[in-house]
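Listed below, chain by chain, are the residues.
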Amino acid sequence: WSKQREILYSVGHNRRTAVPSGHAVGKTFTAAVAVLAFLLTNPWSKVITTAPTWPQVSLQLWTKINALVRRRLPGLAADPLQTHLRVEEEWFAVGLSPKHAVNFQGFHAPSVLIVLDEAPGVRREIYEGAESLMSGGDAHMLLIGNPIEGSGFFHDACEGASSVQWNVIPISCYDSPNFTGEKDSVPEEVLRELVSEAWVDDMRQEWGEDSPMFRAKVLGRFPDAGMNTVVPLSWYEAA
């Protein structure tokens, strides 16, 4: 749908793209498409992905990447590892463990894309290790996730001092085709996977429209961290 196309265009045409979004708007699928599109349209490129935990790397983003390869790119499926897709020896995409920042060193290529899925949960040292790969010429980075923390590198990229460097594409659940006239042009099987009006109504009743959870998970906006905050939303999410 339109916001997904906007993200994909931005990844190709901007060095830095940040997407703070509501729940279930197709952001991980979009990241998977971005990985394959960048890899196959940039000869001898390298695409590096990570997420807060290894299951999020292997079972979320790379599950969608491998499913797309099987359905649309069977010629690449001869030798795919779970989180490694190789076109040639020095032309590949790989999902890295989020444990060690040193894992992000040494990936030099004519074109590089770094994808941080569920970006708010990625540790700053991992982000800084990923940033080291931006030193080359044609380097691009995509940060994508729910804006659950009113501080940190993801917040800074979207709303802080460093946001001038980023093309920021906020997505509310209300932007999703299930809430707009775009619904008529989106296949039914896609609509079923996107956030529903029923879920948003349930969360409005459970959390309240003024709650940090509703703000982050539905509106795709960073929660206000006032002086009276005892338990930040990011701690709740981590627990």
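First things first, this report covers the structure right here in the doc.

Calculation rules
Residues numbered from 1 in each chain as written. Predicted model: local features only at pLDDT ≥ 70, side-chain atom pairs only at ≥ 80, totals over all residues. Heavy atoms only, no water. Core = buried A, V, L, I, M, F, W, Y, C linked by side-chain atoms within 4.5 Å. Buried < 20%, exposed > 50% of the residue type's maximum accessible area, 1.4 Å probe, protein only. Helix = DSSP H or I, 4+ residues; strand = E, 2+ residues; numbered from the N terminus. Contact = heavy atoms within 4.5 Å. Axes fitted to C-alpha atoms, helices over the stretch in contact; angles between N-to-C directions. Parallel < 35°, antiparallel > 145°, perpendicular 65-115°, else oblique. Left-handed = near helix turned anticlockwise from the far one by under 90°. Salt bridge = Lys/Arg side-chain N within 4 Å of Asp/Glu carboxyl O.

**Description of the nonpolar core**
Ranked by size, the top nonpolar core spans 39 residues in total, and within it Ile-65 and Leu-142 carry the most contacts. For this core, the secondary-structure elements that each account for two or more residues are helix H1 (2–13), helix H2 (27–41), helix H3 (54–72), strand E4 (91–95), strand E5 (111–117), strand E6 (138–145) and helix H7 (197–207). Sort the elements by how many residues they give to this core and H2 lands first, with seven residues. Apart from the residues within four sequence positions on either side, Leu-142 is in contact with Ile-7, Val-11, Thr-17, Val-19, Ala-31, Ala-34, Leu-113, Ile-114, Val-115 and Leu-116. Residues Leu-96, Ala-119, Ile-126 and Phe-222 belong to the second largest nonpolar core, which totals 26 residues.

**Details of unusual backbone geometry**
A positive phi angle, close to 60°, is found at Ala-24, a residue other than glycine. Here Ala-24 shows up in the loop between strand E1 (16–20) and H2. What makes Ala-24 partly exposed here is its relative accessible area of 24%. Positive phi is not limited to glycine here, since Glu-118 has a value of about 50°. Position of Glu-118 among the secondary structure elements: in the loop between E5 and helix H4 (124–131).

**Digging into the packing of H2 against H3**
Contact pair H2 / H3: the axes reach a minimum separation of 9 Å and the direction vectors enclose 55°. One finds that H2 runs oblique with respect to H3. As for how H2 packs across H3, the hand of that crossing is right-handed. The segment H2 lies against H3, with Thr-28, Phe-29, Ala-31, Ala-32, Val-33, Val-35 and Leu-36 engaging Gln-60, Leu-61, Lys-64, Ile-65, Leu-68, Val-69 and Arg-71.

**Thoughts on the pattern of salt bridges**
Considering all chains together, one arrives at seven salt bridges under this definition. Ionic pairing is found between Asp-156 and Arg-124, a salt bridge with its closest N-O pair at 3.8 Å. Here Arg-124 lies in helix H4 and Asp-156 lies in helix H5 (residues 153–158), a separation of 32 residues in the sequence. Across the salt bridge formed by Arg-204 and Asp-201, the nearest N and O atoms sit 2.6 Å from each other. Of this pair, Arg-204 and Asp-201 both sit in helix H7, separated by three residues, roughly a single helical turn.

Everything listed here is a matter of geometry and, on its own, says nothing about what the molecule does.
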